[in-house]
Amino acid sequence: MATKAEDILREKEIQGIKFSLYGKIFIFVILTIVTFFVAQTLYELFSVTILTLTINIILYILSKFLQKGKYVTFVGLFCVFLDLIIITILPFIWYNSVGGDAVVPRTYLIKTYIHFIIAGTLIMNAFSIQPIYPMLYAVGVVISQAGLLIYAQQDPRFVSTENFKEAVLGEAVHLNNYIFSMGVIGTLGFFLAYLTFRVRRTVFQAVSSELKVNQLSRYFSPNIVGEMSQANDDFFKPGGKEANLAIMFCDIASFTQISESLGAEKTFALLSEYHSFMLQTVFEFNGSLDKFIGDGMLVTFGIPTQSSSDAKNALLTGVTMMERLKVWNLQRESVGEKPIQIRIGIHFGPTIVGNVGIEKRLEFTVIGDTVNVASRIEALGKEMKRSLLVSKELLKEVPDIAELGLKVSSMGTVSLRGKIKSTEVYSIEKKI
C-alpha cells in the first residue's frame, strides 16, 4: 500500500505530465501557425498540420487518462516515446519540403533547428519530477540524432567543415559542433534526471516530515512537536528510560449512565467536544496526550524533555480544565443539556517512558508506580467527593504555589488500593 508521501508524489507526477502534455499541444499549435507563414511547399504545410492534429488528439486522450489517475507511468513513458518520434520525423519533413534527396544533400537533415525543440521537450519532461522520463528522453535523443548523422553521411554529397562560417552559410556541416550539441543534450538530460531525483527526494522527505509532525501534534504540545520530529530512529525502537514526570488521569464521572441515556451518536459527539477543549488546555501547558481510555485521558508532563515547570504545568492544567468545564456546562445548560462532572488525579515521580511492544506494533507510553498512583488518586475523587486531587510529591515540585491563587486543602494521608506506601493527598480549587 502506498504511503501518503508516495501518493502526493504521484499527484505531482500527474500534474507534471499534464503540464508537459499541454506544453506540447501549445508548441505544436505554434509550430503549425508558423508553418503557414514559412512553409516552402504544400507538402510541408500538409505534413506538419496532419502531424500536429494527430499528436494533439493523442495528447488530449492521454490527458483524459491522467484526469482519472489511470495508467500514469504508461502515459509518461508514451509521451517520451512520442517526443522521440516527433524529433526524428520533423527533420525529414523539412528535408523533403525543400526537395529531398533529388535536390538537397542529406547534410540538411542535421542543420535544422530541431535542437531547440529537443531542449524544450526535455525540460518539460522534467516537470513530472520523475527522473526516468528526462533520462530516457536524453538517451533516446542521442541515439536518434546519432542515427540521423549516420544516415546523412551515407550521401556522397555529405560535406563537413571546421569553419563555422562555411557551416552556417554553405552546404557543409560542422561535425564537431553537431557532436558537441548531442553531448550537451545528453548531459542536460542526465543533469535534469539527477535534479528531478533530488527534488523528488526532497519532496518525499518534506511530506514525510510534515505527516510525522501532524501525527505527533495529535498527542503532544505543538511547541514540543518540532523537537520530537527531529528524533532519530532510535526514538522509535522498543525500549524506554526512566524520567521524573507529572502524570495526570482525567475521567468523566458517571459516564456509563450518561452514555446509556444519550445513545451512541450523542455520546461520541459529547466526547468529541469535551476532548477538544480539554486537549487544547493540555497543550497550552506543554502537556502530552498519552492515550484516551474510554472517556478518560492519560496525560504526561515532561515528554520528551523534563523541566522544572512540569509539575506546575500539570497543576495549572488541572485547574484550567475545571474552569473551562464550568463554562462548557453553562453552555450545555443553556440548551437544555445536563452538566457533566469530571475527576482529575495528578502525581509526580519516576516513570518509565518509551515504546512498548515490537517494531511492527509500538505504543509510546508511560508505565510504572507513578502512573498507578496517579490513577488511584483520580479514583479517590469519587470517594472524597472532590474533583481535583494531587499528591504531596507533586506539590513539593511547585515551590511558588502560594502565588497561584489556589486553595489547597489536605485530605489526609491515605492508603491507595494495591499500594504498600501511604500517600498524602490534597484537594485543589481556585480561590474565588
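Caption draft 1: Fine view of unusual backbone geometry. The backbone of Ser254 sits at a positive phi, close to 55°, despite the residue not being glycine. When you line up the elements, Ser254 lands in the loop between strand S1 (239-252) and helix H9 (255-262). Not every positive phi belongs to a glycine, and Asn286 is a case in point at roughly 65°.

Caption draft 2: Quick look at a nonpolar patch on the surface. The grouping of Phe26, Val29, Ile30, Ile33, Val34, Phe36 and Phe37 at the surface amounts to a nonpolar patch, some 730 Å² of accessible area in total. In this fold, Phe36 is placed in helix H1 (residues 4-38). On the basis of relative accessible area, Phe36 is assigned to the exposed category, the value being 54%.

Caption draft 3: Spatial organisation of the nonpolar core. Counting residues in each nonpolar core, the largest one holds 42 residues, and the members touching the most others are Ile252, Tyr274, Leu315, Ile342, Ile344 and Val390. In contact with Leu315, not counting residues within four places along its chain, are Ile346, Val390, Leu394, Leu395, Val398, Ile401, Leu404, Leu406 and Ile428. Residues Ile17, Leu62, Trp94 and Ile117 belong to the second largest nonpolar core, which totals 32 residues.

Caption draft 4: Examining the pattern of salt bridges more closely. One pass over the structure, following the stated rule, counts 9 salt bridges. Across the pair Arg343 and Glu378 runs a salt bridge, and its minimum N-O distance is 3.4 Å. Of the two residues, Arg343 sits in strand S4 (residues 342-358) while Glu378 sits in helix H12 (residues 369-384), which places them 35 residues apart along the sequence. You can call Glu378 buried: its relative accessible area is 6%.

Caption draft 5: Representation of the side chain of Thr267 within the structure. Tracing the backbone shows Thr267 in helix H10 (residues 264-284). In terms of polar contacts, Thr267 uses its side chain to reach the backbone carbonyl oxygen of Gly263, at 2.6 Å. Among residues more than four places away in sequence, those in contact with Thr267 are Phe255, Ser259 and Leu262.

Caption draft 6: A look at the environment of Asp295. Residue position: Asp295 is located in the loop between strand S2 (287-293) and strand S3 (296-301). Asp295 gets classed as buried once you look at its relative accessible area, which sits at 11%. In this structure, the C-alpha to C-alpha distance between Asp295 and Leu270, residues 25 residues apart in sequence, is 9.9 Å. Those residues within four positions of Asp295 in sequence are excluded, and the remaining contacts are Cys250, Asp251, Ile252, Phe255, Leu271, Tyr274 and His275. A polar contact of 2.9 Å, which involves the side chain of Asp295, links it to the backbone nitrogen of Ile252.

What counts, and where the lines are drawn
Residues numbered from 1 in each chain as written. Predicted model: local features only at pLDDT ≥ 70, side-chain atom pairs only at ≥ 80, totals over all residues. Heavy atoms only, no water. Helix = DSSP H or I, 4+ residues; strand = E, 2+ residues; numbered from the N terminus. Patch = residues over 30% accessible without salt bridge, like charges linked within 9 Å, V, L, I, M, F, W, Y side chains within 5 Å. Areas by Shrake-Rupley, 256 points an atom, 1.4 Å probe, with all protein chains shown as cover. Salt bridge = Lys/Arg side-chain N within 4 Å of Asp/Glu carboxyl O. Buried < 20%, exposed > 50% of the residue type's maximum accessible area, 1.4 Å probe, protein only. Core = buried A, V, L, I, M, F, W, Y, C linked by side-chain atoms within 4.5 Å. Contact = heavy atoms within 4.5 Å. Polar contact = N/O pair within 3.5 Å; in protein donor to acceptor, adjacent residues only side chain to side chain.

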